Amino acid sequence: MLFHHKILKKGFLLPSHINISAASPLRSYSFLFACDCPGRGGQRIPREIIDRSKESSSMTLGGSGGSGVVVPRNFRLLEELERGEKGIGDGTVSYGMDDGDDIYMRSWTGTIIGPLNTVHEGRIYQLKLFCDKDYPDKPPSVRFHSRINMTCVNPDTGVVDPRKFLVLGNWQRDYTMEYILTQLKKEMAASHNRKLVQPPEGTYF
């Protein structure tokens, strides 16, 4: 069933079941109106992502110490999608949604270009991130698709081990997929990873 939206700011919409007061932090919070925003290659995000967002798990703006304003989980992911499509920093880290028909926005692909002055320099690494219905309360699962030798990555499966990569192990709800990828890039440049012998370029788990 469709539900109505209130205009939050030009170009952005908010479901009408969320009340906005003059003091609410939602007044300055940007939500992507997905139905009118084409993805990469002209792909459009289905209206169902917005229409069914009430059915998904939710998050609280500002974390546990915030105002207690609860917004649907999918709005968080829509904001991350918007940021990913605009481009991040110097372009050496990027990510996007795998399936525009997935109303829960679970499967994502990330890309990291290896940092300078390391054995990873110039290499392009692909990763798979899976944001389950409890995201962002819990971290996504992260797995390298491209073969890589890193101390926090399972050498057989490519899975990033939360016990060895503390962004996942000590997860906080305000962390994002962008933060995960940028921290993995920093981990590549760490002293214990920067000189490790690597698998042949272009091979995959």
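What you are looking at is a predicted structure, and each value in this text was computed from that prediction instead of being measured.

Draft legend 1. Local environment of the sheet that holds strand β5 (residues 93–97). Pairing is antiparallel in the open sheet, where four strands are placed in the order β5-β6-β7-β8. Two strands bound the open sheet, and with one partner strand each, they are β5 and β8 (141–144). Going across the sheet, the axis of each strand differs from the next one's by a mean of 25 degrees, ignoring polarity. With seven bridges connecting them, strand β6 (residues 107–113) and strand β7 (residues 124–130) associate as antiparallel partners. Counterpart to I113 in the pairing with β7 is I124. Lying over the sheet, helix α2 (residues 73–86) contacts β5 and β6, oriented at roughly 130 degrees with respect to β5.

Draft legend 2. The confidence of the model for the protein chain, seen in detail. Averaged over every residue, the pLDDT of the protein chain is 77; residues scoring 70 or more account for 65%. Here residues 52–66 scores under 50 on pLDDT; set against residues more than four positions off or in separate chains, the count is 42 contacts.

Draft legend 3. Structural context of the nonpolar core. The biggest cluster of nonpolar side chains holds 33 residues, and the ones touching the most others in it are W108, F144, V160, I180 and L184. The element that contributes the greatest number of residues to this core is helix α4 (residues 177–188), accounting for five residues.

Draft legend 4. Up close: the pairing of β6. Here β5 runs beside β6; their pairing, made up of five bridges, is antiparallel. The residue bridging S94 from the neighbouring strand is T111, located in β6.

Draft legend 5. Layout of the pattern of salt bridges. For the structure shown, the criterion picks out eight salt bridges. In this structure, the salt-bridge partner of D102 is R106, at a minimum N-O distance of 3.2 Å. Across the pair D161 and R163 runs a salt bridge, and its minimum N-O distance is 3.0 Å.

What counts as what
Each chain has its residues counted from 1, following the order in which its sequence is written. Only residues with pLDDT of 70 or above have their local features reported here, since the model is predicted, and side-chain atom pairs are shown and tallied only from 80 upward, although totals for entire chains, interfaces and linings are computed over all residues. Calculation of side-chain values draws on the structure's entire complement of heavy atoms; hydrogens and water are dropped beforehand. Whether two strands pair comes down to DSSP finding at least two bridges between them. Every helix listed is a DSSP run of H or I at least four residues long, and every strand listed is a run of E at least two residues long, numbered separately from the N terminus. Every axis in this analysis is a line fitted to C-alpha atoms, fitted for helices over the stretch in contact. Angles between the N-to-C directions lie between 0 and 180 degrees. Residues are treated as being in contact if the distance between any of their heavy atoms lies within 4.5 Å. Each residue carries a pLDDT score, the predictor's confidence in it, ranging from 0 to 100. In these notes, a set of buried Ala, Val, Leu, Ile, Met, Phe, Trp, Tyr and Cys residues joined through side-chain atoms within 4.5 Å is what counts as a nonpolar core. Buried, partly exposed and exposed residues are distinguished by accessible area as a fraction of the type maximum, computed with a 1.4 Å probe on protein chains only: under 20%, between the cut-offs, and over 50%, respectively. Throughout this description, the term salt bridge denotes a Lys or Arg side-chain nitrogen within 4 Å of a carboxyl oxygen of Asp or Glu.

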